[in-house]
Amino acid sequence: MVPLQVVIIAFVLALAPGYGAVNTVETVAEWLQLEFGFPTTQDQESAKAAGNLVPENGTPIDVQPQYLSNGTLRLFTTIPRFVTGVPYTLATVSSTNGTNGPVLQPYPSYDWHNDNGDDCDKITSITECNQMWIVDTGSIGTTTYCPPQLLQFDLNTDTLLHRYRFLNSTYTPSASLFITPNVLVKDPAPAGTCNNTMVYVADVTFHGLMVYDHEAQTSWRVENRFMYPAPDHGKHIIANETFYLMDGLFALTNDKTNLYFHPMATASEYAVPLSALNNQDNWANNPEALPEQFTLLGSRSSECAASAIDSLNNIYCVTFNPIQLISWNTNTTYTPENFVVLPAEADELEFVSGMKVVKNPEGQEELWLISNRFQKIADGTLDFSEINFRILRRNLADLQ
C-alpha cells in the first residue's frame, strides 16, 4: 500500500452519486474555533484542569483524506503544540458538529497523546504526516522533550507499524524543528509492503533536509544554501495584514525523479535529483556536499507555504500576495507565463499550510487544502466569531 501523506482532522463522509465532479474549490469543513472531542467527560475535565485544553490555542496545519473501501471518507489533521493547551496533535474530523464546527477526535486514540512531554513513546507533537508516516517533533512550544521521530501507522488497523528516532548528530535540539514529510515509494515496491520507501523531512528552523531510508532503517542530513530563508521575503502580506516569519525549508514534493522544494520565506522554487539525495555515501562526510546538484528553477510573484504535485507533474501552491491558487507543470520552465491561475475565493485561501493530491473512488485526482489565517494568529487579531479554519477540495479532472 502506498503511504498516504497525512495531517488530519478526522471526519467520516458518505459519498453522494456523482461525487468528485466539482471543478471549483469547495469547502468540506470549517471552524470558528477547533472543537476537541474526548473519550469521556472526565478526560475532558482533567485536560481542562491541567491546562491542556485551551481551544483558542489550537491551529490545524495540514490535511489528508483517506478514501475507504466502503465508500466513505476519513479526514485527518494535525494541530501542532506551538503553545500549551492542545490536548492532542493528530485527529480525525467526526460527523458530529459542535458549537464552532465539526468535533475532532484523537487518532489513533486519546491514550497515544502525551500531555506534558515526559513520555517519548507517546505522541508529543506532530506537524506533518503520511500513510501514516507521522513526524513527532518531540517539542511543546520551544521546549524539546524527546528526540524527533517518525511513526508509521497501518491505517487499516490503526496500529503502529514502525518507529524511527533521529540521532542527536542529525539535528540540534535548541534549533531544529522537523516538519513536512514527503514520501517516495520506489518502484517496484515489494508486493504488500512499503519497505522500499524514502521519507524526506524538512528542518524548517535549522535549514536542512532529513533523508530516511526505510529499507535500511537509517537516515542522513542534507544541507544547501537554497534551504535558507531569503531576508527580503521574511515580511509577509496576506489579505492586507503583515507579519514577519523567517521560516526556512518548508514545502517538499517529488515526481520520483526530483525533489522540488522551497523555504517559506522566499519567492523561488528549487529542485535536486533524488538520485543524489538517496545515495547516503554522498553525504556521509559532509551534509553540504554536491552544491552543483541543486538548481534554482525560477520565481513567483510572492511567497507560498505548502505545495502538492499530481500524477501529471503539475505542482500547486497558493501565493500570499495576491492570494492565488496556481499550478505549474514541471515539464515547462518556472516562469509566470507557464503558471495557471485556478479560480478560487481569496478569503477562503488565507494561508494554506497543508496541501495534498489524492485519487477519489471514481479514479479522479483531487487537490485538498487546509487554510488557517495564520497572518491573524501572528498578529493576535483572530476573531472567533468568524470562520478561521477551512478544509477545501478541488477536483482536477478538468486539468488532466
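Everything discussed here concerns the structure shown above.
Residues numbered from 1 in each chain as written. Predicted model: local features only at pLDDT ≥ 70, side-chain atom pairs only at ≥ 80, totals over all residues. Heavy atoms only, no water.

Asks: How should I be thinking about the layout of surface pockets in this particular structure?
Replies: Where empty space is left can be seen by rolling a probe of water-molecule size over the atoms. Approximately 440 Å³ is the volume found for the second largest pocket. Lining the second largest pocket are 25 residues, and of these Ile61, Phe82, Leu245, Asp247 and Phe374 sit closest to its centre. For the lining of the second largest pocket, the secondary-structure elements that each account for two or more residues are strand S9 (126–130) and helix H3 (374–379). In terms of residue class, the lining of the second largest pocket is built from 16 nonpolar, 6 polar and 3 charged. (1 Å grid on protein atoms, 1.4 Å probe; cavity = no way out; pocket = protein on both sides within 12 Å on 5 of 7 lines; lining within 4 Å. Points joined across faces, edges and corners; volume = space filled by probe spheres on them. Helix = DSSP H or I, 4+ residues; strand = E, 2+ residues; numbered from the N terminus. Nonpolar A, V, L, I, M, F, W, Y, C, P; charged D, E, K, R; others polar.)

Asks: So what exactly am I meant to see when it comes to the sheet that holds strand S27 (residues 324–329) here?
Replies: The pairing of strands in a sheet happens through backbone hydrogen bonds and is either parallel or antiparallel. Taken together, the 4 strands give an open sheet; going across it, the order is S25-S26-S27-S28, and neighbouring strands pair in antiparallel fashion. The sheet is open, and its two borders are formed by strand S25 (304–309) and strand S28 (339–342), each paired with just one other strand. Direction aside, the axes of adjacent strands within the sheet are offset by 25° on average. With 6 bridges connecting them, strand S26 (residues 314–319) and S27 associate as antiparallel partners. (Pairing = 2+ DSSP bridges. Axes fitted to C-alpha atoms, helices over the stretch in contact; angles between N-to-C directions.)

Asks: How should I be thinking about the side chain of Ser371 in this particular structure?
Replies: Mapped onto the elements, Ser371 comes out in strand S30 (residues 365–371). From its side chain, Ser371 meets the backbone oxygen of Glu348 in a polar contact 2.9 Å long. When residues no more than four places from it in sequence are discounted, the contact partners of Ser371 are Glu348, Leu349, Glu350, Phe351, Val352, Asn388, Phe389, Arg390 and Leu392. (Polar contact = N/O pair within 3.5 Å; in protein donor to acceptor, adjacent residues only side chain to side chain. Contact = heavy atoms within 4.5 Å.)

Asks: Looking at this model, I keep getting lost on the environment of Ala284. Mind explaining?
Replies: One can find Ala284 in the loop between helix H2 (274–277) and strand S24 (295–299). Spatially, the C-alpha atom of Ala284 lies 7.5 Å from that of Trp220, the residues being 64 residues apart in sequence.

Asks: Can you help me understand the sheet that holds strand S15 (residues 178–185) in this one?
Replies: Spatially, 4 strands are ordered S15-S16-S17-S18 in an open sheet, and the strand pairing comes out antiparallel. Each of the sheet's edge strands pairs with one partner strand only, and the pair in question is S15 and strand S18 (218–222). Strand-to-strand, the axes of this sheet are offset by a mean angle of 20°, without reference to chain direction. Judged from the 6 bridges that link them, S15 and strand S16 (residues 197–203) form a sheet pairing that is antiparallel. The residue bridging Asn182 from the neighbouring strand is Tyr200, located in S16.

Asks: I would appreciate a short explanation of the packing of aromatic side chains in the present structure.
Replies: Where two aromatic rings form a pair, the distance of their centres and the angle of their planes describe that pair. Taken as a whole and judged by the stated rule, the model has 23 aromatic pairs. With centroids separated by 6.1 Å and ring planes inclined at 70°, the aromatic side chains of Tyr171 and Phe178 adopt a geometry described as edge-to-face. Comparing Tyr171 with Phe178 shows no difference in burial state: the two are buried. Residues Phe243 and Phe374 carry aromatic rings whose centres are separated by 5.7 Å and whose planes lie at 70° to one another, so their mutual orientation is edge-to-face. Taken together, the residues span a long stretch of sequence, with Phe243 in strand S20 (residues 241–244) and Phe374 in helix H3 at a distance of 131 residues. Exposure class is identical for Phe243 and Phe374. Each is buried. What links up through ring pairs into an aromatic cluster is the set Trp133, Tyr164, Phe166, Tyr171, Phe178 and Tyr212. (Phe/Tyr/Trp six-rings, centres within 6.5 Å; stacked < 30°, edge-to-face > 60°. Buried < 20%, exposed > 50% of the residue type's maximum accessible area, 1.4 Å probe, protein only.)

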